[in-house]
Amino acid sequence: MSEKIWELKWMAWEITSKCNLKCVHCRSSSGIHSAVGKFTLEKSKKFIDDLIEFANPVIVLTGGEPLMREDIFDIASYGTSKGLRMAMATNGSLVTDEVCEKMLASGIRICSLSLDGSTPEVHDDFRQQEGSFQAVMDAAALFRKHGIKFIINSSFAKRNQHDIMNTYKLAKSLQPTAWYMFLIVPTGRGEELMKELISKEDYEEILNWHYEMEREEEDILVRPTCAPQYYRIWHDRSQKEGKDKDRRSLTFSTGGGKGCIAGQTIALVNSNGDVLPCSYFPVNGGNVFEKSLKEIWDTSELFQDMRKFKDYEGKCGVCKHLGVCGGCRARSYAVTGNYMAEEPFCDYIPANYKG
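The numbers attached to residues start from 1 for each chain and follow its sequence in the written order. Predicted model: local features are reported for residues with pLDDT of at least 70 only, side-chain atom pairs are reported and counted for 80 or more only, and whole-chain, interface and lining totals are derived from all residues. In computing side-chain properties, one takes all heavy atoms of the structure into account and sets aside hydrogens as well as water.

- Naming follows an unreviewed UniProt entry, where the chain appears as Radical SAM domain protein of Denitrovibrio acetiphilus.
- UniProt positions are given in the numbering used here, feature names are shortened, and annotations may be inferred rather than shown by experiment. Turning to the chain, the UniProt record has this under Cofactor (unreviewed entry): "[4Fe-4S] cluster".

Rendered as structure tokens:
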């Protein structure tokens with residue numbers, strides 16, 4: 001395979017570990033007392049200079065809470081000046097008119113907000129902070145006021161899975177560009193939610209609900225995230241129903257349709273410079289303060305493993321849907337300690353599986 005196949009198209013950049021919330025599922029266990037990290041403004045600029053020599057991905061400035069950095073818009077502006085498409089993931093609590101004006105001036109093209117329930121009781125429980133629900137509502141209103149495009153991400157575990165449909169309806173009413181339904185990968189603080197992971201059976205039902213919902217949705221993009229099994233469901237059901245294979249949810253995926261694209265077209269660089277295959281994968285392939293991102297991306301054993309689909313173990317490796325699904329490598333690692341193991345929350349048994 002040519003190296004071009006593994007092009008870095010989307011990169012989350014944890015620009016700080018510091019956060020003003022303490023969400024139950026936080027992949028980086030962020031908090032108010034967390035360290036900022038190693039990326040000073042000058043080191044951030046150098047990293048951007050090195051990055052553009054190798055790739056031109058969408059950059060999502062994340063954390064922690066990126067708005068807790070006073071120089072965040074200097075970093076965003078520098079990235080924009082170098083031709084990068086800059087985005088931001090925020091919890092919304094620090095968004096003001098002034099912040100929106102700075103976002104626009106720095107070239108940030110789109111933001112994401114997290115909404116984990118249709119009521120303050122459900123969302124604030126998930127975010128462990130009273131008032132965080134209203135902060136999302138206020139931030140969405142400010143984004144609309146200033147003409148800033150935004151996405152809404154919603155994460156679900158057993159404690160809030162009953163509220164999925166109502167959360168979707170509320171999210172849509174806020175007029176985002178897209179709504180992404182995340183099914184939790186238990187990493188970071190989220191390890192404490194291991195017993196709260198949605199069951200295999202419910203997982204399948206939820207993904208089939210999403211398929212039905214998507215058939216009717218015309219106003220916003222919708223996509224399950226960290227749920228590669230959806231593409232198996234989509235593939236089978238759309239074939240049976242004779243649907244067009246170019247559905248929006250499939251082609252909108254950064255990976256062009258494959259479910260798990262960790263280390264294939266996406267990556268996370270954390271606040272210490274470690275390069276991870278995705279935001280929920282707590283194993284790194286190298287550090288950008290020791291090696292170039294290009295070297296890590298092209299040669300690290302971890303990233304090479306992510307691309308060896310036929311080496312995936314158990315039913316994943318023999319599944320006919322391997323090319324469109326692949327299982328969640330991060331979830332396999334979180335549950336079994338082996339990132340090549342079969343997806344532990346998939347209820348599908350391949351016909352040729354003899355395990």
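**Focus on the packing of aromatic side chains**
For any pair of aromatic rings, geometry is given as the distance between the ring centres together with the angle between the planes.
Consideration 1: Working definition: rings of Phe, Tyr and Trp (its six-membered ring) pair if their centres are within 6.5 Å, and the pair is stacked with planes under 30 degrees apart, edge-to-face with planes over 60 apart, and tilted otherwise. In the structure shown here, the tally under the stated rule is 15 aromatic pairs.
Consideration 2: Three or more aromatic residues link up through ring pairs in this structure, and these residues are Trp13, Phe39, Phe47 and Phe289.
Consideration 3: Any Lys NZ or Arg CZ found within 6 Å of a ring centre and within 35 degrees of that ring's normal is scored as a charge over the ring. Sitting above the plane of the Tyr312 ring, Arg329 keeps its charged end 4.1 Å from the centroid.

**Overview of helix H13 (residues 329-336)**
Consideration 1: Among all positions in H13, only Arg329, Ala330, Arg331 and Ser332 are buried.
Consideration 2: Looking one or two places after H13, you find Gly337, whose phi comes out positive at around 85°. Burial classes follow relative accessibility: with a 1.4 Å probe on protein chains only, a residue under 20% of its type's maximum area counts as buried, one over 50% as exposed, and anything between as partly exposed. Secondary structure elements are taken from DSSP: a helix is a run of H or I of four residues or more, a strand is a run of E of two residues or more, and numbering for both begins at the N terminus.

**Notes on the pairing of strand S7 (residues 221-225)**
Consideration 1: Buried residues dominate S7, accounting for five of its five residues.
Consideration 2: Every second residue of S7 is oriented toward a common face, with Leu221, Arg223 and Thr225 on one face and Val222 and Pro224 on the other, all of them buried.
Consideration 3: Pairing of strand S6 (residues 178-183) with S7 involves five bridges; the strand directions are parallel. Bridging from a neighbouring strand, Tyr180 pairs with Arg223 of S7. When DSSP finds two or more bridges between two strands, those strands count as paired.

**Observations regarding the environment of Glu7**
Consideration 1: Within the secondary structure, Glu7 is located in the segment before strand S1 (10-14).
Consideration 2: C-alpha of Glu7 to C-alpha of Thr265: the two residues are 258 residues apart in sequence and 5.5 Å apart in space.
Consideration 3: Any two residues whose heavy atoms approach within 4.5 Å at even a single point are treated as in contact. Apart from residues no more than four positions distant in its own chain, Glu7 is found in contact with Gln264, Thr265 and Trp297.

**As for the nonpolar core**
Consideration 1: By size, the foremost hydrophobic cluster in this structure holds 99 residues, and its most contacted members are Met11, Trp13, Met103, Leu115, Phe143 and Trp179.
Consideration 2: Counting residues per element, this core draws most heavily on helix H5 (residues 132-146), at seven residues.
Consideration 3: What Phe143 contacts, discounting residues up to four positions off in sequence, is Thr90, Val95, Cys100, Met103, Cys111, Leu113, Ile148 and Phe150. Working definition of a nonpolar core: buried Ala, Val, Leu, Ile, Met, Phe, Trp, Tyr and Cys residues. They are joined through side-chain atoms within 4.5 Å.

**Overview of the packing of helix H6 (residues 164-173) against helix H7 (residues 200-216)**
Consideration 1: Every angle, taken between N-to-C directions, lies between 0 and 180 degrees, and every axis is a line fitted to C-alpha atoms, over only the stretch in contact when it is a helix. Packing of H6 against H7 leaves a shortest axis separation of 12 Å and a crossing angle of 35°. The way H6 lies across H7 gives a crossing that is right-handed. The residues of H7 that touch H6, namely those facing Ile164, Met165 and Tyr168, are Ile206, Trp209 and Met213.
Consideration 2: Residues belonging to the contact of H6 with H7 are distributed by class as follows: six nonpolar, no polar and no charged. A clockwise turn of the near helix away from the far one marks a right-handed crossing, whereas an anticlockwise turn of less than a right angle marks a left-handed crossing. As a working rule, the residues Ala, Val, Leu, Ile, Met, Phe, Trp, Tyr, Cys and Pro are called nonpolar, Asp, Glu, Lys and Arg charged, and the rest polar, with Gly in that last group.

**Brief notes about empty space enclosed by the protein**
Consideration 1: Buriedness of a pocket was judged along seven lines, with at least five required to meet protein on both sides within 12 Å; pockets are open sets of points on a 1 Å grid over the protein atoms alone, cavities are sets where a 1.4 Å probe fits but cannot get out, and lining residues have an atom within 4 Å of a point. Grid points are joined across faces, edges and corners, and a volume is the space filled by probe spheres set on the points. Applying the stated rule across the entire model yields three cavities of 30 Å³ or more.
Consideration 2: Contributing to the lining of the largest cavity are Arg232, Lys315, Cys316, Cys319, His321, Leu322, Cys325, Gly326, Gly327, Cys346, Tyr348 and Pro350.
Consideration 3: In terms of residue class, the lining of the largest cavity is built from seven nonpolar, three polar and two charged.
Consideration 4: Empty space within the second largest cavity amounts to approximately 70 Å³.
Consideration 5: Phe156, Ala157, Leu183, Ile184, Glu196, Leu197, Ile198, Tyr203, Arg331 and Phe345 together form the lining of the second largest cavity.
Consideration 6: By residue class, the composition of the lining of the second largest cavity is eight nonpolar, no polar and two charged.

**Details of the environment of Leu302**
Consideration 1: The topology assignment puts Leu302 in helix H11 (residues 301-306).
Consideration 2: The class of Leu302 is buried, set by a relative accessible area of 6%.
Consideration 3: Along the chain, Leu302 and Gly286 lie 16 residues apart, while their C-alpha atoms are 9.1 Å from each other.

**Concerning the pattern of salt bridges**
Consideration 1: Take a side-chain nitrogen of Lys or Arg and a carboxyl oxygen of Asp or Glu: if they are within 4 Å of each other, that pair is a salt bridge. What the rule picks out here adds up to 17 salt bridges.
Consideration 2: Note that Lys82 and Asp49 form a salt bridge whose closest N and O atoms lie 3.8 Å from each other. Remark: Asp49 occurs in helix H1 (residues 41-52) and Lys82 occurs in the loop between helix H2 (72-81) and strand S3 (85-89); sequence separation between them is 33 residues.
Consideration 3: Of the residues examined, Lys82 reaches a relative accessible area of 36% and is grouped as partly exposed.
Consideration 4: Across the salt bridge formed by Glu343 and Arg331, the nearest N and O atoms sit 3.4 Å from each other. Of this pair, Glu343 sits in the segment after H13 while Arg331 sits in helix H13, and the two are twelve residues apart along the sequence.

**Comments concerning unusual backbone geometry**
Consideration 1: Residue Gly64 follows Gly63 across a cis peptide bond; omega there is 20°.
Consideration 2: Take Gly64: it is sitting in the loop between strand S2 (58-62) and H2.
Consideration 3: Phi is positive for Gln128, close to 55°, though the residue is something other than glycine.
Consideration 4: Here Gln128 shows up in the loop between helix H4 (120-127) and H5.
Consideration 5: Note on Gln128: relative accessible area 45%, which makes it partly exposed.

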